[in-house]
Structure formats: C-alpha cells, structure tokens
Amino acid sequence: MIGQRRGVDEVLRYYALVDAGDIESLVSLFSHDAEYARPGHRLLCGRAALESFYRDTRVIADGEHQIDTILAEGNQVAVHGSFRGHLRSGDEVAVRFADFFVLTLDNLFARRDTFFFEPSV
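Since the model is a prediction, treat every value here as computed from it, not as a measurement.

Undergrad: Hey, could you run me through the overall build of the chain in this one?
TA: The helix and strand tally for the chain stands at 3 helices and 6 strands. When the helices and strands of the chain are placed in sequence order, the string is α-α-β-β-α-β-β-β-β. Relative to the 2.2 N^0.38 estimate, which gives 14 Å for 121 residues, the radius of gyration of the chain is 14 Å and therefore close to what a compact globule would have. If one aligns the C-alpha atoms of the chain with their principal axes, the spans along those axes are about 40 × 30 × 25 Å. Taken over 121 residues, the chain has a buried fraction of 38%. For the chain, restricting intrachain contacts to residue pairs at least 6 apart in sequence, the fraction spanning at least 24 positions comes to 47%. Averaging the coordinates of the 13 positive side-chain charges in the chain and doing the same for the 19 negative ones gives two points 2 Å apart.

What follows is the structure, encoded as structure tokens:
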C-alpha cells in the first residue's frame, strides 16, 4: 500500500499550498532542476523559474482546487480535478484540469505537466 501511495501526500500538499498562496513552500516541493510544462508557456526549468512564474506570471490570483481523481504508480502521480477562482484581471474562472507529476527518489517533483479543458489559464 505505501508503494502505491508514493507521492500522493506531496501532491495533495502542493494543491493546499498553491491555494493558500504559500509560494515558498510549494516551490520547495520541486527538485532544484525540476521542469514544469503548461500550455501557453515556455518550459519552466528550476526553482527560480517556478517561483517567478507563481509570483509574476501566473494569471490566476486566487482560488481553490477540487481533486476528483488521483492515481499513483511507481514514481508518477496523475490528478484530475477542477479549479474555481479569480484571475488577476478580476474575472472569475472555473476550469477542469489534469496534472501529471514525476517524483525523484526523495519524493520531490522532478516534472509536472498541466493540461486544461479550456483555453490556457
């Protein structure tokens, strides 16, 4: 059972931290050379790029993730859910998403790929 749940707690913590706006803590969940692929953005590489994205580039201002499905196998975790919140423009947003995480041996995120069921947010 423990092997099947590898990374699930870290992924759930990620969503709690991003919803709380705790950028420093959420970035610490990623390895120093982590990659993040997100539609409409260049590939983000490393913690500094991730921190810059969350502080300055991400169009989402605030909101909450709802996780519908989470699957873990080996060093990979897949998530399907929805997000409801506000963009920096003040507009409300509600979007479904899928995330795929690859973990290092010490359960840091080596890679995250995000996909949306809407135009890029």
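Undergrad: Any chance you could explain the pairing of strand E5 (residues 92-103) here in plain terms?
TA: Looking along a regular strand, one sees the side chains alternate between the two faces of the sheet. Looking at chain direction, strand E4 (residues 76-87) and E5 are connected through 11 bridges and run antiparallel. Among the inter-strand pairings, Gly81 is bridged to a residue of E5, identified as Phe97. From the end of E4 to the start of E5, which pair antiparallel, there are 4 residues, and Gly90 there has a positive phi angle of about 100 degrees. Where E5 hands over to strand E6 (residues 109-116), the hairpin turn is made up of 5 residues, of which Asn107 adopts a positive phi near 60 degrees.

Undergrad: Sorry, what's going on with the pairing of strand E1 (residues 30-37) here?
TA: By the bridge criterion, 4 bridges tie E1 to E6 in an arrangement that is parallel. When the bridges of E6 are listed, Phe30 appears paired with Phe109. Counting the residues in the hairpin turn of E1 and strand E2 (residues 44-45) gives 6 residues, including Gly40, whose phi is positive at 85 degrees.

Undergrad: What should I look at first to understand the pattern of salt bridges in this one?
TA: Pairing is possible between side chains of opposite charge, provided their charged atoms come close. Here the structure, examined in full by the defined rule, presents 5 salt bridges. We note a salt bridge from Glu51 to Arg55, for which the minimum N-O separation is 2.9 Å. Residue Glu51 and its partner Arg55 are located together in helix H3 (residues 47-57), separated by 4 residues, close to a single helical turn. A salt bridge links Arg112 to Asp99, with the nearest nitrogen and oxygen atoms 2.8 Å apart.

Undergrad: Explanation requested: the side chain of Ser31 in the structure shown.
TA: Position of Ser31 relative to the elements: it lies in strand E1. On the basis of relative accessible area, Ser31 is assigned to the buried category, the value being 7%. Residues within four places of Ser31 in sequence aside, it is in contact with Arg47, Thr104, Leu108, Phe109 and Ala110.

The rules behind the values
The numbers attached to residues start from 1 for each chain and follow its sequence in the written order. Reporting of local features is limited, given that this is a predicted model, to residues whose pLDDT is at least 70; pairs of side-chain atoms are given and counted only at 80 or more, and all residues count toward the totals for whole chains, interfaces and linings. Side-chain metrics in this entry use all non-hydrogen atoms of the structure; hydrogen atoms and water are not considered. Secondary structure elements are defined from DSSP: runs of H or I of at least 4 residues count as helices, runs of E of at least 2 residues count as strands, and each element is numbered from the N terminus. Atoms counted for the radius of gyration: C-alpha only. Globule rule: 2.2 Å times residue count to the power 0.38. Only protein chains enter the calculation, and the probe is 1.4 Å; a residue is then buried if its accessible area is under 20% of its type maximum, exposed if over 50%, and partly exposed in between. Should any heavy atoms of two residues lie within 4.5 Å, those residues are counted as being in contact. His is not counted here, nor are the chain ends, while Lys and Arg score as positive and Asp and Glu score as negative. The atom standing in for a charge is NZ when the residue is Lys, CZ when it is Arg, CG when it is Asp and CD when it is Glu. By this definition, two strands are paired if DSSP reports at least two bridges between them. Between Lys or Arg on one side and Asp or Glu on the other, a salt bridge is scored when a side-chain nitrogen of the former is within 4 Å of a carboxyl oxygen of the latter.

Just geometry here; none of it tells us what the structure is for.
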